[in-house]
Each structure stands twice: as C-alpha cells, then as structure tokens.
Number of protein chains: 2
Amino acid sequence: MRIYLGGIETGGTKVVCGIGTEDGELVERTSFPTTTPNETLNQIFMFFHNKNIKAIGIGSFGPIDLNKESKTFGYIKNTPKPYWSQLNLLGELTKRFPFPVELDTDVNVAALGEMKWGNAKGLDSCIYITVGTGIGVGAVTEGVVLHGMSHSEMGHILVRRHPKDHFKGICPYHRDCLEGLASGPAIEERWGEKGEDLIEYPELLEFESFYLAQAISNYILILSPKKIIIGGGVMKKKKLLPIIRDKVKQNLNDYVQSKELDKLDSYIVSPGLGDNAGLLGAIALAERSC
Amino acid sequence: MRIYLGGIETGGTKVVCGIGTEDGELVERTSFPTTTPNETLNQIFMFFHNKNIKAIGIGSFGPIDLNKESKTFGYIKNTPKPYWSQLNLLGELTKRFPFPVELDTDVNVAALGEMKWGNAKGLDSCIYITVGTGIGVGAVTEGVVLHGMSHSEMGHILVRRHPKDHFKGICPYHRDCLEGLASGPAIEERWGEKGEDLIEYPELLEFESFYLAQAISNYILILSPKKIIIGGGVMKKKKLLPIIRDKVKQNLNDYVQSKELDKLDSYIVSPGLGDNAGLLGAIALAERSC
Ligand SMILES: Nc1ncnc2c1ncn2[C@@H]1O[C@H](COP(=O)(O)OP(=O)(O)O)[C@@H](O)[C@H]1O
Ligand SMILES: Nc1ncnc2c1ncn2[C@@H]1O[C@H](COP(=O)(O)OP(=O)(O)O)[C@@H](O)[C@H]1O
Ligand SMILES: [Zn+2]
Ligand SMILES: [Zn+2]
C-alpha cells in the first residue's frame, strides 16, 4: 500500500496545499489566498479532512520561532501581515490534525524538496534562494536543515552598494540590506514600475546581478554549499542568471577551489521542481516524521 | 586507565604539539617555528615518538582539501607559505603514525575545542573567529563541523566600506574583502606600524570594529550560531570587543530576535580556552576517532 503525505505552503499572498507520495509524486493540489488566520486555517482543515495521510509538513512565511526550547515554539513572530503576528501556527494545526505535523520555513522546506527530488538530489548540502516580494534563503548543511538559534535570515545581509546606485533602500529594519535593495518591491520603488512590467534594460540587470552575485559569493564563502538554487518572481528575468554566475566568478577570483565552482552553469541553477519546490519540500518534511 | 590523545596545531609561523586527556586536561605541550615541511614534520614525529596515545588530531592553516572524495584529500592547497603548497599533510602523518589521524582547519578545530571545553560548552553551534595575520572562521552547525564543499573561507567575505576609509586593501585575491581591510597586516599597512605598537586611537577602533561587526552581523544572519567566539592578535586591543557588540546591535536593529541576542555580552565573547583553543580542539578532534 502506498503512503500518502500532506504538504502545506503558507505564503504571504497564497496558501498551497497538496497530497503526495513518498516518491514525491503529487496526487492532489489546491491553492487559495491567504486572508485571516481563522478563515485560512479553516480552508486548510477542509482540504485535508478525511484524507488518508500519515503526516503533514508545513513550510511557512516567517519569521517563525523554531527554537524547540522556546515557549513560543511554532509561533509566527512579528510580521507586517495583519492578524498573523504571534499566531501559534503549529499549535493550531497539531490541535486539529490526528497525525504528526512538522513545521519549518518556506525556504528551508524548499531546500529540502530540491535535495530530495530536485536539482540538489543526492547531495548533503544546498541553499535555496527566492527573490520575490522578499528575499529568503533556506539551507541544508552536512545533511541537516540549518536552524541555529531558530532560522537564518540571509535575505537581510548587509551588502556593499553598486557605485552608481543611489536608491535609498526599502527594508524597514536595515534600509539598504540585500532585501532592501534587490527584492521585487525594491525594483518597483527604484524604477516606478513592477519588475514584470519593466524590460530587461542594462541598469536593472547590472544592479540586480551585482547585489545577488555579491550575496551568493558571501553565502559560498560562509556555507560552502554543494549546490545553489535560485528562483522567485524576479528571476523570471531570464538574462539575470548568467550575469549573476559571471559576477560570482569575478568576485571569488579563484580563491575557493572546488569541482563545483569549475562548472558554475550546473552549480548556480533554477529550481528543479519549479513552482512546486515548496509544496514538495513540505511533503518531504512530513516524511521525516514517519 | 586514562586515555591520552595527541593534538597538533600547525600555524603559519609556529606549530604547537600537545598531549591531553579525554577531559581536556593538557599533560604535555611544546611549540616550535614552522620551517620547511620536512624539518617541521620531523619535529612533530619526534615529539610524539613512543608516546602512549590513542589518536591524533590536527588543526592546520589552510586552505586545505577536506573533500573526502577528492584525490588531494588532506593536502594543503596553494598557500603563499613557501614549500607548503600541495603537501600531502594528512598522508605524511598517517604514514608515520600507528594510530588514527584526523585533520581539519585550525579554526574549525578551535570551534570544536570551545564547544567541548570552552565558552560554547553544551551548545550545538558556534563560530570561532580569529583576527590575526589572516582572518579565519570555523563553524559548528547543528552539532556538526561545517565543511560543505571542503571548508568555508569566511574571512574573505565582501564588506561595505567605512565611508571614511580610503585604504585600498591588501588581499591578493579580493583586495578589499574583510581580511584585506581588517587583518593585522592590513592595520600595519594602513597606519604604517604593527597593531601592537599602535595605541587604541579612535579611527583604528572605529574602522576595525566597523568591519568586524559587519562581518559578525552577516554571520549571524546566515548561520544563526548560538555563540560567537572571537580571538587572535588584533583582539588584544581590549576596547574593540565592546564596540563590536554595540555595532552588531545597531546593524541587526532587533530584526532577529532570540534570547542569545538579548545578552550580547555573553553571546560575543573571547575564547574560553585562551591560547589553547586550537591545541585542545585538535585533541577533541582526535577523540572523535576513538
Ligand atoms: N518578470 C519579472 N521581473 C522582475 N520582477 C518580477 C517579475 N515577475 C514578478 N516579479 C516581482 O516578483 C515579486 C513576486 O515574487 P514571487 O516569487 O512571485 O512571490 P512571493 O515572493 O510573494 O512569494 C513581485 O515584487 C514582482 O513584482
Ligand atoms: N595588541 C595588538 N593590537 C593590534 N594588532 C595586534 C596586536 N597584537 C598583535 N597584533 C597583530 O596580530 C597579528 C598576529 O596575530 P596572531 O593571532 O597573534 O597570529 P597568527 O594569526 O599568525 O596566528 C599581527 O598582524 C600583529 O601585528
Ligand atoms: Zn533588512
Ligand atoms: Zn580576500
């Protein structure tokens, strides 16, 4: 008999729920807008009601408290998203579901999915970067999802500025951190139009690749991951990825030597699971509790 | 009967050898200058000759190849240190010693020592930073020494410049990376005198703390370690550490919340094992193979 597992991806704008097998085959999938916690949680419960599953994994937007010793373990922390701050997300779900529930960040879970069934298959480390409304990064190091004190916040690292970029930055905490300069909303604010409506003009590509390549270079120097996966809305500008690879090479200047870095085309790549990295990762997370 | 373990710390200028117990008690210790590989290895062999030990751990200067699948696993890679490039360090030692030999970087080993007997005791993650002739960082994440593709090179991350600092930087690979701007030799080149001969004047403290706090902020955002230990020659300027803590707090601006970050005085600290962090760490590494 096949085992079925549930996955939930709770994003700032939408929630994706699905059911899959241990082999990462999706048998059912749905999505709906993220509204109030009450309404959204009810829709999640309805989707999974009477489904024959063994466990559920959730990848959630953050920040969330993942410190198992904390009194607020499993809570969403302060978030600009109305009504969701201080919600006991894990508690609400474990209360209502009769099977194990596992929680991690959306990006950690996506990294897990890519390691299990995507572009980092067979490896024991990778990072998963999404460049969208925010910049989020999940990491697996030495076979284990990286948590540390709770979870990392790599989207907010401090970066040196492009000499021609005088945009002030939009991060409410750090102003011109990586997310403040290179997220989708930063692009929109700098150029007055949404990224998807802007053509790939040279300055946009130059600034965006400058910041993302710099961040990736530092992630390599610090984490030394065996694969880097980068996706999200902003990466739909297809010209970006090759320029980012070139700039990473320039930044590192052959200081770090490894067979992976000799082939940047297969080292810094798009998600192998496409838009399902998060959902399948949540299913992979669920499997861990079986 | 007590078990004795050997430790070796090979630095760019000197080698330290020692013998200790499983409890981290040093029973013998010696040191000598690092000269040619031949002479230096012979001195190491002589020290351990006829000693009743079960295993040896080595913490070495780098870069070294720690990828177990590589043909040059255990070799020192290209280093400016004459005669040491491409030396099969691990091979030379395993060939001559009749017991298991374990190798890692000097800073990874120091992190291990601090976790076992020093200021990160009882935790499952920490980073160990040394600011000296170079800037090196070792890390343990989720209980495991961080290796990834081989080992990290966090001393070379790209940093934003202090607005008043016009020094060009001295890293032969990246010019103005962290090590290029904030290592001991960078201080010497910028101000024309060795750090130990310079008084703690405001600009020195300001620049140095600016770069180190920035790097530490990024390490926190990326690795989320439960303890940060910082030592090395440059940190002998005792005024630096408190200023670094203040600047880390400013940089993070309460975005990351954790009980550790609420008490920076006990979060960013000097090595608990002092100058023996590396040697005791090598002994801790040796114990892993028993
Ligand atoms: N082709 C594009 N070029 C640049 N930016 C884009 C493009 N498509 C979407 N974006 C931006 O990406 C962000 C949405 O990212 P996405 O990953 O789809 O969602 P989210 O991060 O909310 O999960 C928006 O800021 C949007 O303007
Ligand atoms: N009090 C001090 N203030 C600033 N720099 C110092 C001080 N003492 C030593 N240094 C610098 O630290 C470096 C040596 O660092 P150390 O950690 O002792 O050795 P190494 O890194 O070679 O193992 C030298 O560049 C030296 O000038
Ligand atoms: Zn920020
Ligand atoms: Zn450098």
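Just above sits the structure.
The residue numbering used here restarts from 1 in each chain and proceeds along that chain's sequence as written. Lettering for chains starts from A, numbering for ligands starts from 1, and both go in the order in which the items are written. Selection of residues for local features in this predicted model requires a pLDDT of at least 70, selection of side-chain atom pairs for listing and counting requires 80 or more, and totals for whole chains, interfaces and linings are taken over all residues. As a convention, hydrogens and water are excluded, and side-chain values are obtained from all of the structure's heavy atoms.

**Student:** Give me the lowdown on the coordination of the zinc ion (ligand 3), citing residues and values where you can.
**Tutor:** Residues and elements named next belong to chain A. Within the protein, the zinc ion (ligand 3) binds to His156 (ND1), Cys171 (SG), His174 (ND1) and Cys177 (SG); these donor distances fall in the range 2.1 to 2.4 Å. Water is not among the atoms examined, so metal sites may look incomplete; donors are the N, O and S atoms within 2.8 Å of the metal, or within 3.2 Å for Na, K and Ca. The geometry test gives tetrahedral to four donors whose angles all lie between 85 and 135 degrees, gives square planar to four donors and octahedral to six donors whose opposite members are over 155 degrees apart with all other angles between 65 and 115, and gives irregular to the rest. Here the zinc ion (ligand 3) binds 4 donor atoms, and the angle range of 103 to 120° at the metal identifies the geometry as tetrahedral. Each donor residue of the zinc ion (ligand 3) lies on one chain, and together they are spaced H-x14-C-x2-H-x2-C. Here His156, found in the loop between β8 (144–145) and α4 (178–182), pairs with Cys171, found in the loop between β8 and α4; they are 15 residues apart in sequence, far enough to count as distant. The helix count covers DSSP runs of H or I at least four residues long, the strand count covers runs of E at least two residues long, and both are numbered beginning at the N terminus.

**Student:** Residue-level account of the pairing of strand β6 (residues 126–131) of chain B, with values.
**Tutor:** All names here are of chain B. Buried residues dominate β6, accounting for 5 of its 6 residues. Two strands are said to pair when DSSP picks up at least two bridges between them. In terms of strand pairing, β6 meets strand β7 (residues 135–141) through 6 bridges, oriented antiparallel. Across the sheet, Ile127 pairs through a bridge with Ala139, a residue of β7. Taken together, β6 and the strand that follows it, β7, pair antiparallel across an intervening segment of 3 residues. Bridge count for β6 against strand β9 (residues 228–231) is 4 bridges, and the pairing is parallel. Looking at the pairing, Tyr128 lines up with Ile229 of β9. Three labels apply to residues, based on accessible area from a 1.4 Å probe with only protein chains included: buried if under 20% of the type maximum, exposed if over 50%, partly exposed otherwise in between.

**Student:** Please set out the site of ligand 1 residue by residue, giving values where relevant.
**Tutor:** Residues and elements named next belong to chain A. Around ligand 1 sit Gly132, Thr133, Gly184, Pro185, Gly195, Glu196, Gly232, Gly233, Val234, Lys236 and Lys237, and that is every residue in its neighbourhood. Polar contacts, as counted here, are pairs of nitrogen or oxygen atoms within 3.5 Å of one another; within protein the pair requires one atom able to donate a hydrogen and one able to accept it, and residues that are adjacent in sequence qualify only if both atoms are side-chain atoms. Backbone polar atom of Gly195 to a nitrogen atom of ligand 1: 3.4 Å apart, as the coordinates give it. Contact between ligand 1 and Gly233: an oxygen atom at 2.9 Å from a main-chain N or O atom of the residue. For ligand 1, the accessible surface in isolation is 570 Å², of which the surrounding protein chains cover 71%. For the shell around ligand 1, a count of residues per class yields 2 nonpolar, 6 polar and 3 charged. We call a residue near a molecule or strand whenever a single non-hydrogen atom of that residue lies within 4 Å of it. Only the protein chains shown count as covering a residue, and every accessible area follows the Shrake-Rupley method with a 1.4 Å probe. All amino acids are sorted into three groups, where Ala, Val, Leu, Ile, Met, Phe, Trp, Tyr, Cys and Pro are nonpolar, Asp, Glu, Lys and Arg are charged, and the leftover types, Gly among them, are polar.

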